[in-house]
Amino acid sequence: MLLTCAMLFAGRMVPAGPAHMAMADDETDTATQTTALSVTESTPVVTDTSGYHITISISNPTYAATSPGLVTVAYNPSYTFVSRTDIQHWATGDVSIPVRTVLGTATVPSIAANKKVSVKIDAAADSDALKALQMWGPKPLLVTYQATQATDSQSTGSSDGSSGADRTVDPNAKPIRLHSFLTRSSQGLHNAQTPPMAITMVMPLMNTEQQANKNAIDQLVVHDNSDGSDTKSTQSGDGGTDGSTDDGSGNNTDDTSTTNGSNDAKGTTSDDAEAGDDSENTAATQSSVLTPHDNDALAAKLSLIGKHSDLQTIADPTALASDTKQRIDAVMQPAGFDITAYAAINNVRSYEQAGVGTGAWNARSALAAAPASSDSLPIAWQGKGDWTQQALSTARKQGYQYVIAGHDFDSSTTATVHTGTYTIPTSAGDITVLSEQKELGDLAKGKPTSSDADGETSNAGRIARFVAQSAFYQMEQPYAAMNRNLLVCFGTNMSAAFIDTLMTAVEQSSWLQLTDLNDLIDADAYRTGDEALQIVPQDSHLSERNTRSVTSALESLTESRNDINRFATSVLTDHKASASWIRKIKAAQSTLALHALSSAPRNIDSLVDGAKRLGGGMFGGVSITPTDSITVVSETAKMPVTVRNNHPYPVWVKVSSLTDSMEIVTSRFTEVTIPANSEAQVTFAIRVATSGHATAHITLLDRNGDTFGSAQNTDITSVLRISDMTGFIIIGFSLLLGLVGLWRQFHRKKDPDE
């Protein structure tokens, strides 16, 4: 330890040497750097036969070409990181450590404006640089880029850097540095071996790209396939509620999911498996109102299961085909429903009115919708908020005995990493939280450990840091905690290529031992009871933006649900015959709503708009056929109006007509029943008092007198004609009065004063 600290202190005192003797320089002004470095590929785990290979991308974001340059890759084979702060300070460039062992150099030509180039440096396994590495573990690695200048002998030659051998480092140019790690495994070394550290790598399988299928929605509104092929959903028409009631705390109180009995399958209680009617409570597993789930990204992740036998999977059961042959280790709540947001919003009624009851996402629904190849282990996946006491109680009441905390659970700092298993007491019974190790988890999700970590701006750089960090954790004392089991969850948006590369690196890491979810669950809990309660977050930390997004979605979804209910009760005539069709419509709406309220939806607007399209399409399917203008040549006339019904069941409507004139009016209302997929015509009486023009506004009303659909306007023009003797008498009398008036005007005796 003293020797290591002495080396660290000496490293701070060593003056900066030439480029091939690179060391971190705290005085480098990164704010003025224009050329950017990133690692696009590197050897994450170095063995006695692997050698070391790294590919570096040098980009020029400016509007002028750069000078030619030189890239140097060097490391320190004898340095040992002494603390987490030490390793983090190296990653952010806040500490100077001598890195004099050069692995290789490469010349870089002039880079055109807004362009980038890549260079590759290879160090053979038998090179002197790698032979100097005799201790396993993470070592500091530094990539340095510095502009070069032509020597005197080349001053009249080419300026593009093509003759790199005749160029030297420009002493006036500030070097650009990237801090990373080279990690050596124990393979081929004769060091003392310590037991490997257990690690559980979990890959979530979710289809975050699903959108509303507009064509399927439109077809569902106008067709009722008796075989039920419009949707695979088995959710009840009441939004999946299962008889649970609000206990006043924002959670559903369900007697069927609060018992503490055991079951052969982990994660569900004995009463859970027996309660209720499956046809009424299972989740909306998959519906044609969603775009197909077999996208390329999900298929690529599924292909990794066979390649990496120790890669654990937790799947959204609605994202996978029921006949998938791939191993699924656990299932999460259907559609990855955001339980943490549900608890934070704390309004059960608003979710039920939006079409999502607890029966849509509880543990029993997850198991019912799970593929046949999955293990019967339901585990609740964390949403955008934190697992608060209320959120944990909500999950437990819905049958989940285990939850995964993928972020922000245990904020306490400990001397060494530990198994992230906590047993938390709730009002519904104990629940086990499987908490992720933060630094490794962030890296697995594509996040750098710090915004200042210049070597972690790429996937390859983050993988190098992951390997180094895990090796450092294994080396932490005391070894009495050898039974540590760390949980790492990949992000739902991480590519299959990234997961494949990181899993390969973990499998090559001799200091790590991959375990499965059952091993993690069976591990001794780090904290239990009241001691564990002290760790539980007190606030959900659901951001204002996410809160607005959820509440806005709930409002729109409730509107669509109300449209469906209103149409069913106030417009349809044969409620018994249409009951099955309405259940399908409601199930489809619930499917869209459930996915819109997921913990990781990328297309929430599409899903909400799809639900609104479904509700609006019910009323839109009953419409008024546009009517031609009407010309009236007498005091009375008839105005025909045609109403079209595009639905598979008959409807009843009241048709209203109202003109904007007092002289030209129509009768006010008429009622009509329109058969399925047909149309019917009604007529309105027109009464005219004078010639002129008016517009009749025609609308549809339901049984409650509320308007719906699009109004139609019909122009009415009145041209009155003389059609009987009475008319002629009136005209003659008018002429006579006119003549008398004229005679009096000419024969009137004027007053003398006029």
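Below is a summary of the structure that appears in this document. Note that this is a predicted model, so its numbers are computed, not measured.

Our next topic: the overall build of the chain. Helix and strand content of the chain: 20 helices and 29 strands. Relative to its 754 residues, the chain shows a buried fraction of 53%. Within the chain, contacts between residues at least 6 apart in sequence are counted, and of these 77% link residues at least 24 apart. Total accessible area computed for the chain in this model is approximately 33,100 Å², and 50% of it derives from carbon and sulfur atoms.

The next thing to look at is the environment of V73. For V73, the position within the fold is in strand β3 (residues 69-75). For V73, a relative accessible area of 0% corresponds to the buried category. C-alpha of V73 to C-alpha of T144: the two residues are 71 residues apart in sequence and 6.5 Å apart in space.

Turning to the packing of helix α17 (residues 544-570) against helix α18 (residues 575-596), a few remarks are in order. Running from N to C, α17 and α18 point in directions that differ by 180 degrees, and their axes come no closer than 10 Å. Put simply, α17 runs roughly antiparallel to α18. Every residue of α18 that contacts α17 at L557, S560, R561, I564, N565, F567, A568 and T569 is listed here: H575, W581, I582, I585, K586, Q589, S590, A593 and A596.

Next up on the list: the packing of aromatic side chains. Counting across every chain of the model gives 15 aromatic pairs. Relative to F619, the ring of F567 lies with its centre 5.5 Å away and its plane at 85 degrees, an arrangement referred to as edge-to-face. Note that F567 is positioned in helix α17 and F619 in helix α19 (residues 604-620), a separation of 52 residues in sequence. For the pair shown, F567 and F619 are each scored as buried. Clustering of aromatic rings is evident, with ring pairs tying together F337, Y342, Y351 and W361. Lying across the ring of Y526, R527 places its NZ or CZ 4.0 Å from the centre.

Two elements, strand β23 (residues 636-645) and strand β27 (residues 678-688), share 10 bridges in a ladder whose sense is antiparallel. Directly across from K638, in β27, lies its bridge partner A685. Relative to β27, strand β25 (residues 664-666) runs antiparallel, the two sharing three bridges. Looking across to β27, one finds that V665 is bridged to R687.

Take a nonpolar patch on the surface next. On the surface, a cluster of nonpolar side chains totalling about 390 Å² of accessible area is made up of F733, L736, L737 and V740. Among the secondary structure elements, V740 is positioned in helix α20 (residues 725-747).

Sheet strands line up and pair through hydrogen bonds in the backbone, either parallel or antiparallel. Ordered in space as β14-β15-β17-β16-β20, the five strands form an open sheet in which the pairing is mixed. Looking at the sheet topology across the chains shown, the edges are occupied by β14 (380-381) and β20 (527-528). Strand direction decides the pairing type here: β14 and strand β15 (residues 402-405), joined by two bridges, are parallel. Looking at β15, one finds that W381 is bridged to I404. Here helix α11 (residues 389-397) sits on the sheet in contact with β14, β15, β16 (421-426) and β17 (429-435), set at roughly 85 degrees to β16.

Although it is not a glycine, H541 adopts a positive phi angle of roughly 55 degrees. Residue placement: H541 occurs in the loop between α16 (529-533) and α17. By relative accessible area, which is 54% here, H541 ends up exposed. Phi at N677 takes a positive value of approximately 50 degrees, unusual for a residue other than glycine.

Glancing now at the packing of helix α7 (residues 296-307) against helix α14 (residues 496-508). Their axes nearest at 9 Å, the elements α7 and α14 cross at an angle of 20 degrees. Judged by the inter-axis angle, α7 sits roughly parallel to α14. α7 and α14 meet at a crossing whose hand is right-handed. In this structure, α7 uses A300, K301, L304 and K307 to contact α14, whose residues at the interface are A496, I499 and D500. Class assignment for the residues of the contact of α7 with α14 results in four nonpolar, no polar and three charged.

Our focus in this paragraph is the sheet that holds strand β1 (residues 36-42). On the basis of which strands lie adjacent, the open sheet formed by three strands has the order β1-β2-β5 and antiparallel pairing. Of all the strands in the sheet, just β1 and β5 (115-123) have a single pairing partner and so form its edges. Pairwise comparison of adjacent strand axes, ignoring direction, gives a mean angle of 25 degrees for this sheet. Pairing of strand β2 (residues 52-60) with β5, which is carried by nine bridges, proceeds in the antiparallel orientation. Across the sheet, residue I54 finds its bridge partner in β5, namely I121.

Let's shift gears to the pattern of salt bridges. Scanning all chains against the criterion turns up 11 salt bridges. Ionic pairing is found between K445 and E436, a salt bridge with its closest N-O pair at 2.6 Å. There is no split in this pair, since K445 and E436 are both buried.

A regular strand carries its side chains on alternate faces of the sheet. Among the nine residues of strand β8 (residues 176-184), nine are classified as buried, and the element is accordingly described as predominantly covered. Neither face of β8 is exposed, since I176, L178, S180, L182 and R184 on one face and R177, H179, F181 and T183 on the opposite face are all buried. By the bridge criterion, nine bridges tie strand β6 (residues 137-150) to β8 in an arrangement that is antiparallel. Looking across to β8, one finds that V143 is bridged to L178.

Each value, and the rule that gives it
- Residues numbered from 1 in each chain as written.
- Predicted model: local features only at pLDDT ≥ 70, side-chain atom pairs only at ≥ 80, totals over all residues.
- Heavy atoms only, no water.
- Helix = DSSP H or I, 4+ residues; strand = E, 2+ residues; numbered from the N terminus.
- Buried < 20%, exposed > 50% of the residue type's maximum accessible area, 1.4 Å probe, protein only.
- Contact = heavy atoms within 4.5 Å.
- Areas by Shrake-Rupley, 256 points an atom, 1.4 Å probe, with all protein chains shown as cover.
- Axes fitted to C-alpha atoms, helices over the stretch in contact; angles between N-to-C directions.
- Parallel < 35°, antiparallel > 145°, perpendicular 65-115°, else oblique.
- Phe/Tyr/Trp six-rings, centres within 6.5 Å; stacked < 30°, edge-to-face > 60°.
- Lys NZ or Arg CZ within 6 Å of the ring centre and 35° of its normal.
- Pairing = 2+ DSSP bridges.
- Patch = residues over 30% accessible without salt bridge, like charges linked within 9 Å, V, L, I, M, F, W, Y side chains within 5 Å.
- Salt bridge = Lys/Arg side-chain N within 4 Å of Asp/Glu carboxyl O.
- Left-handed = near helix turned anticlockwise from the far one by under 90°.
- Nonpolar A, V, L, I, M, F, W, Y, C, P; charged D, E, K, R; others polar.

Geometric descriptors of this kind do not, in isolation, establish any biological role.
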